[in-house]
Amino acid sequence: MSKVAHHLALYVAVFALFLGGCSGSTPTPVPSPTDASISSPTPSPTPTPTVEVEFLAFYSNREGHWEIYLQDRLGGPTFNLTSDPAEDRAPAFSADGRYLAFESHRDGNWEIYTMELESGEVRRVTNHPA
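Calculation criteria
Residues numbered from 1 in each chain as written. Predicted model: local features only at pLDDT ≥ 70, side-chain atom pairs only at ≥ 80, totals over all residues. Heavy atoms only, no water. Pairing = 2+ DSSP bridges. Helix = DSSP H or I, 4+ residues; strand = E, 2+ residues; numbered from the N terminus. Axes fitted to C-alpha atoms, helices over the stretch in contact; angles between N-to-C directions. Buried < 20%, exposed > 50% of the residue type's maximum accessible area, 1.4 Å probe, protein only. Contact = heavy atoms within 4.5 Å. Phe/Tyr/Trp six-rings, centres within 6.5 Å; stacked < 30°, edge-to-face > 60°. Lys NZ or Arg CZ within 6 Å of the ring centre and 35° of its normal.

Trainee: What's the story with the sheet that holds strand β4 (residues 88-93) in this structure? I'm lost.
Mentor: Each strand in a sheet pairs with another by means of backbone hydrogen bonds, the pair being arranged parallel or else antiparallel. Reading across the sheet, the four strands line up as β4-β5-β6-β7 and stay open at both edges, with antiparallel pairing between neighbours. The open sheet has two edge strands with one neighbour each: β4 and β7 (122-124). On average, each strand axis in the sheet is tilted by 25 degrees relative to the strand beside it, whichever way the strands run. Pairing of β4 with strand β5 (residues 99-104) involves four bridges; the strand directions are antiparallel. Residue Phe93 lies in a different strand from β5, and its bridge partner there is Leu100.

Trainee: Looking at this model, I keep getting lost on unusual backbone geometry. Mind explaining?
Mentor: The general pattern is negative phi for most residues beyond glycine and trans for most peptide bonds. Backbone geometry places Ser83, a non-glycine residue, at a positive phi of 40 degrees. Mapping Ser83 onto the fold places it in the loop between β3 (78-80) and β4. Assessed through its relative accessible area of 54%, Ser83 is described here as exposed. For Ala90, which is not glycine, the phi dihedral falls at a positive 60 degrees. Here Ala90 lies in strand β4. Judged by its relative accessible area of 37%, Ala90 falls in the partly exposed class.

Trainee: What am I meant to see in the environment of Ala90 here?
Mentor: C-alpha of Ala90 to C-alpha of Tyr59: the two residues are 31 residues apart in sequence and 6.8 Å apart in space. Those residues within four positions of Ala90 in sequence are excluded, and the remaining contacts are Tyr59, Ala101, Phe102 and Glu103.

Trainee: Quick question: what am I supposed to make of the pairing of strand β6 (residues 111-116) here?
Mentor: On any regular strand, side chains alternate: one points to one face of the sheet, the next to the other face. In β6, alternate side chains face the same way, and those of Glu111, Tyr113 and Met115 are buried while those of Ile112, Thr114 and Glu116 on the opposite face are not. The turn joining β5 and β6, which pair antiparallel and follow one another in sequence, is formed by six residues; a positive phi near 100 degrees is taken by Gly108. Examined bridge by bridge, β6 and β7 share three bridges and lie antiparallel to one another. Bridging across to β7, Met115 finds its partner in Val122. Between β6 and β7, which follow one another and run antiparallel, lie five residues, and Gly120 among them has a positive phi close to 85 degrees.

Trainee: How should the packing of aromatic side chains be read in this particular structure?
Mentor: The geometry of an aromatic ring pair is captured by two quantities: the separation of the ring centres and the angle between the planes. For the structure on display, the rule yields three aromatic pairs. Centre to centre, the rings of Phe58 and Tyr69 are 5.6 Å apart; their planes meet at 20 degrees, and the pair counts as stacked. Residue Phe58 is found in strand β1 (residues 55-60), and its partner Tyr69 is found in strand β2 (residues 67-72); the two are separated by eleven residues along the sequence. Note on Phe58: relative accessible area 23%, which makes it partly exposed. Judged by its relative accessible area of 2%, Tyr69 falls in the buried class. Above the ring of Tyr69, the side-chain terminus of Arg62 is found at 4.9 Å from the ring centroid. When the ring centre of Tyr113 is taken as origin, the NZ or CZ atom of Arg106, which lies over that ring, is 5.2 Å away.

In structure tokens form, the structure reads like this:
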């Protein structure tokens, strides 16, 4: 089974589990609070990052295996950030724009890594034995 088909099957299975209780049965009513003194705290809004986004991070297999690339948001040249024989994917910038988190299979199983963008230093964040 291809990796895409495997991931699709996994998403379908999770979606089916999510909808498991929606097979035509009558939903259980949710009680509403009757006491006016009951209040829930108002969540604070998530702060908007103050760093101006200059680059976009994405992953592609354009070189024969999945790597993470960086491109100027205005469409400038593309740079391969990871250049590792293992599969690297799912990049996400830190709120301050200094780090890029991603998942990689470079140690034989999927782990989360961070890269300091200024130095290029990569650190493994998780250590899962499977």
